[in-house]
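# Understanding the architecture of this molecule
These are the residues of each chain, in order.
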Amino acid sequence: MSAPGSIAEVGAPSARSRALAVLRVRSRAMAAVLLPAALAVMLVAARMTGRLAGDPWPAVTLAVCAVAAVVLLAGGVFGAVVLRAGPAVTPTVALPEAAAPDLYRLVRDLADRMDVPAPSAIALTPDCDSWLEDRTHPAHRRAAISTGPESAPGAAPVLVIGSPFLWWMRVAELRAVLAPVVAGTGPSAHPDIADARGFVRGLDAAVDVGSQPGLGWIAHPARLLLRLCQDDAAEMERGVAAAASDRAHDVDYGLRIAAQEQVGLAYAGWDRLLTRVALPAWRMGRWPAHLDAGVVSALTELSRRDRLAEEFTSRLGERPACDLLERPGVIDEAASLLAARLFHGGPAEAGPDWSPIDWTAYPEEVVDRKWRTEAARLHTALDAVRVPAGSAARPGAAPAAPAPPASARDGFDGPTLERVLGYLTDPGGDCSAGEALAGRLSADLAREDLAREERAAAPRAGSGGSRGADTLPLFPLQPPRSSRDLLADHVTALVCCAAVDSAGAGPGLDWLDGPVLLVGGERRADLAPRVLSLVEEGDPEPLRQWLAEVGVRPEKPVRLV
């Protein structure tokens, strides 16, 4: 137990006092609802005893009784919604004890050492964070969102662990990082804190219910009550965190400082892996099945580039935390599929158009296909810009013969890099041709994205998914790209296709930068500035020099998807 005067002794009472302040907001709201009814009772009693005889008291009494009935009815409906509406539940991968007995044993040992209740269950999230989540609300059981022991009334919160931590951290580091999180089950068990948290979550759920037809009025009082108690609720959570931090102070405190550095490193590597490596695959309808294993490769490469490899050599020799799982590969695959759903909006299950991919097949099945798909889109857009659609024949003219392909009309045999170079070359430097082509690419890509979203939304609409199912992705990874960036990406893809087809180059995977071009087995990182010179300035010479150096023949047709 913590010594008197410690942060726990100060933080916990502070959290309780703030929880009572939140509950006072609830009490005042109930009093406001009951006040018209109390006034109506007083008026009726006074009328029956003859104290308020004569006009205008009969009309006043009737009006107050009507107002009281309306307020009571509205208050009862609002209270029922707050009590019954299910708070949002974070999508996670359930981790039963049979799948990770050693991890459960580690967490229970931490709870026993800090004299707090052990979490009722453990779940994984594809993110670099860990927290406790209450899943005891009756609405979760009714909707079968939570059906295990964690859903029983009065059960301890669920411990949610970031899956990248299990693969990158060592067992001792994970234990040190989880200690203050597990310590939070102590304050969470206090009745006043649990009641205040439930009230705030109910108000948040009521705001969501207010978005449904016919219930819009519910959102207004819910938002008002949230504003009235938000400061006290925030201070309550700070007090809970302070109490939990102090309770865990003596548990691996020195190691926790070093482990926090690994948390920041894991976040950096995870972000690069998702945005540079996983996102291109998701856009192609494939999802990497072992993202957590990939983050280890990404972080190892990051430490090598930053010349930190020697520092991490000793820790990489220790037991990784993923050894606490019985079948880490299966758990990694489930977490990877959930990551694709959260960050990209992919389907919840694998299918013909949404299949897993192994890292060894990534260069051929994702990188090469991505390049050729973008090259095909570039030539399609170029055809549309060169020959505008909607050209009408003159009245009375004879039917025209079938038009040859646009590439033949502008003097090139098939889709070639030389055709794009010639179109984008602009000695004047105003790049008007490039602007037109970039705009067409943006429009084509927007139509493709819209069609893909409609196809993905159709199954969810037909099944009437659970709350929040139609809002995925919850955390989009990248903002929309500018039309100029899209054009540069597509020209780069076409150059890579030409290098593969005519110069013996190949697609590759860089753990931090994603798809890369390999020439002679070595990565060529000097292509981007030459493409930008063509796209932004209309100057093809730097790119032509690079093509000659690598041995690429721009006049040779490339193979497209």
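Residues numbered from 1 in each chain as written. Predicted model: local features only at pLDDT ≥ 70, side-chain atom pairs only at ≥ 80, totals over all residues. Heavy atoms only, no water.

## Notes on the overall build of the protein chain
Operational definition: Secondary structure elements follow DSSP: runs of H or I of four or more residues count as helices, runs of E of two or more count as strands, with numbering from the N terminus. Each residue is assigned to one of three classes by its accessible area relative to the maximum for its type, calculated with a 1.4 Å probe on protein chains only: buried under 20%, partly exposed between the two thresholds, exposed over 50%. The contact criterion used throughout is that any non-hydrogen atoms of two residues lie within 4.5 Å. All accessible areas in this document rest on Shrake-Rupley with a 1.4 Å probe, and a residue is counted as covered only by the protein chains that are shown.
Helix and strand counts for the protein chain come out as 20 helices and nine strands. When burial is assessed residue by residue, the protein chain has 43% of its 561 residues classed as buried. Restricting the contact set of the protein chain to residue pairs at least 6 apart, pairs at least 24 apart contribute 79%. Working note: accessible area of the protein chain is about 27400 Å², and carbon and sulfur atoms make up 58% of it.

## With respect to the packing of aromatic side chains
Short version of the rule: Within 6.5 Å between ring centres, the rings of Phe, Tyr and Trp (the latter by its six-membered ring) count as paired, and their orientation is classed by plane angle as stacked under 30 degrees, edge-to-face over 60, tilted in between. Note on geometry: a ring has a charge over it if NZ (lysine) or CZ (arginine) is within 6 Å of the ring centre and within 35 degrees of the ring normal.
Evaluated as defined, the whole model comprises two aromatic pairs. A centroid spacing of 5.9 Å and a plane angle of 45 degrees characterise the contact between Trp-359 and Tyr-362, whose relative ring orientation is tilted. No difference in accessibility class separates Trp-359 from Tyr-362, as the two residues are buried. With a centroid separation of 5.0 Å and 75 degrees between ring planes, the pair formed by Trp-359 and Trp-511 is classed as edge-to-face. Placement of the pair is Trp-359 in the loop between strand S6 (355-357) and helix H14 (362-386) and Trp-511 in the loop between strand S7 (506-510) and strand S8 (514-519), with a sequence separation of 152 residues. In this structure Trp-359 comes out as buried when scored by relative accessible area, which is 14%. A connected cluster of aromatic rings, assembled from ring pairs, spans Trp-359, Tyr-362 and Trp-511. Its guanidinium or amino end placed over the ring of Phe-199, Arg-26 lies 5.9 Å from that ring's centre, counting from NZ or CZ.

## Description of helix H9 (residues 216-247)
The condition is simple: What a helix is expected to span follows from its residue count: subtract one and scale by 1.5 Å. A residue's bend is simply the angle between two axes: one fitted to the seven residues ending at it, one to the seven starting at it.
The terminal C-alpha atoms of H9 lie 44 Å apart, and with 32 residues this matches the ideal 46 Å at 1.5 Å per residue to within 8%. Of all the bends found along H9, the most pronounced is centred on Cys-229 and spans about 50 degrees.

## Focus: the pattern of salt bridges
For clarity, the threshold we go by: Salt bridges are defined by distance alone: a side-chain nitrogen of Lys or Arg within 4 Å of a carboxyl oxygen of Asp or Glu.
For the coordinates displayed, the defined rule picks out 28 salt bridges. A salt bridge links Arg-175 to Asp-109; its shortest N-O distance comes to 2.8 Å. One end of the pair, Arg-175, is in helix H6 (residues 171-183); the other, Asp-109, is in helix H3 (residues 101-114), and 66 residues separate them in sequence. Taking the relative accessible area as the measure of exposure, Arg-175 reaches 17% and is therefore buried. Look at Asp-109 and you get partly exposed, because its relative accessible area is 38%. Measuring nitrogen to oxygen at the nearest pair gives 2.8 Å for the salt bridge that ties Glu-237 to Arg-197. Placement of the pair is Glu-237 in helix H9 and Arg-197 in helix H8 (residues 191-209), with a sequence separation of 40 residues. Overall, the relative accessible area of 33% leaves Glu-237 in the partly exposed class.

## Overview of the nonpolar core
Let me state the cut-off plainly: As used here, the term nonpolar core means buried Ala, Val, Leu, Ile, Met, Phe, Trp, Tyr and Cys residues forming a set that is joined through side-chain atoms within 4.5 Å.
Ranked by internal contacts, the top residues of the largest apolar core, which has 113 residues, are Leu-103, Trp-282 and Val-491. Top contributing element to this core by residue count: helix H10 (residues 253-283), with 12 residues. Judged by nonpolar contacts, the second largest core, of 24 residues, contains Val-25, Ile-193, Phe-199 and Ala-222.

## Concerning the sheet that holds strand S4 (residues 158-162)
Note the threshold: Any two strands with at least two DSSP bridges between them are considered paired. All axes are obtained by fitting lines to C-alpha atoms, using only the stretch in contact for helices, and the reported angles, taken between N-to-C directions, cover 0 to 180 degrees.
Pairing is mixed in the open sheet, where four strands are placed in the order S1-S2-S4-S3. Pairing within the sheet leaves two strands with one partner each, and these edge strands are strand S1 (93-95) and strand S3 (130-133). Across the sheet, the mean angle separating the axes of adjacent strands is 30 degrees when strand polarity is ignored. Strand direction decides the pairing type here: strand S2 (residues 121-125) and S4, joined by five bridges, are parallel. If you follow Leu-124 over to S4, its bridge partner there is Ile-161. With respect to the sheet, H6 is in contact with S3 and S4, its orientation differing from that of S4 by roughly 145 degrees.

## A few points about unusual backbone geometry
Unusually for a residue other than glycine, Asp-115 sits at a positive phi of about 60 degrees. Position of Asp-115 relative to the elements: it lies in the loop between H3 and S2. Here Asp-252, not a glycine, exhibits a phi torsion of approximately 55 degrees, which is positive. Assignment of secondary structure puts Asp-252 in the loop between H9 and H10. On the basis of relative accessible area, Asp-252 is assigned to the partly exposed category, the value being 24%.

## Topic: the pairing of S2
A large share of S2 lies buried, amounting to five of its five residues. As paired elements, S1 and S2 share three bridges and run antiparallel to each other. Directly across from Leu-95, in S2, lies its bridge partner Ile-122.

## Some words on the packing of helix H16 (residues 417-424) against helix H20 (residues 541-550)
The criterion, for reference: Put simply, angles under 35 degrees are roughly parallel, angles over 145 are roughly antiparallel, angles from 65 to 115 are roughly perpendicular, and the rest are oblique. Throughout, a crossing is termed right-handed when the near helix is turned clockwise from the far one, and left-handed when it is turned anticlockwise from it by less than a right angle. Polarity classes work like this: nonpolar for Ala, Val, Leu, Ile, Met, Phe, Trp, Tyr, Cys and Pro, charged for Asp, Glu, Lys and Arg, and polar for all others, with Gly in that last group.
One way to put it is that H16 packs onto H20 with a least axis distance of 11 Å and a crossing angle of 160 degrees. Relative to H20, the element H16 is oriented roughly antiparallel. Crossing handedness for the pair H16 and H20: left-handed. Together, Leu-417, Glu-418 and Leu-421 of H16 and Leu-543, Arg-544 and Leu-547 of H20 make up the contact between the two elements. In the contact of H16 with H20, the residues fall into four nonpolar, no polar and two charged.

## What about the packing of H16 against helix H18 (residues 483-503)?
One way to put it is that H16 packs onto H18 with a least axis distance of 10 Å and a crossing angle of 145 degrees. Our pair here, H16 against H18, has a crossing hand that is left-handed. Contacts from Leu-417, Val-420 and Leu-424 in H16 reach Leu-487, Val-491, Leu-494, Val-495 and Ala-498 in H18. Looking at side-chain class alone, the contact of H16 with H18 contains eight nonpolar, no polar and no charged residues.

## What to know about the confidence of the model for the protein chain
Threshold: For every residue, the predictor states its confidence as a pLDDT score lying anywhere from 0 to 100.
Overall, the predicted model of the protein chain reaches an average pLDDT of 84, with 85% of residues at or above 70. Every residue in residues 1-10 scores below 50 in pLDDT, and together they form 16 contacts with partners more than four places removed in sequence or on other chains. Long-range and interchain partners of residues 388-404, a stretch whose pLDDT sits below 50, account for two contacts in this model, where long-range means more than four residues apart.

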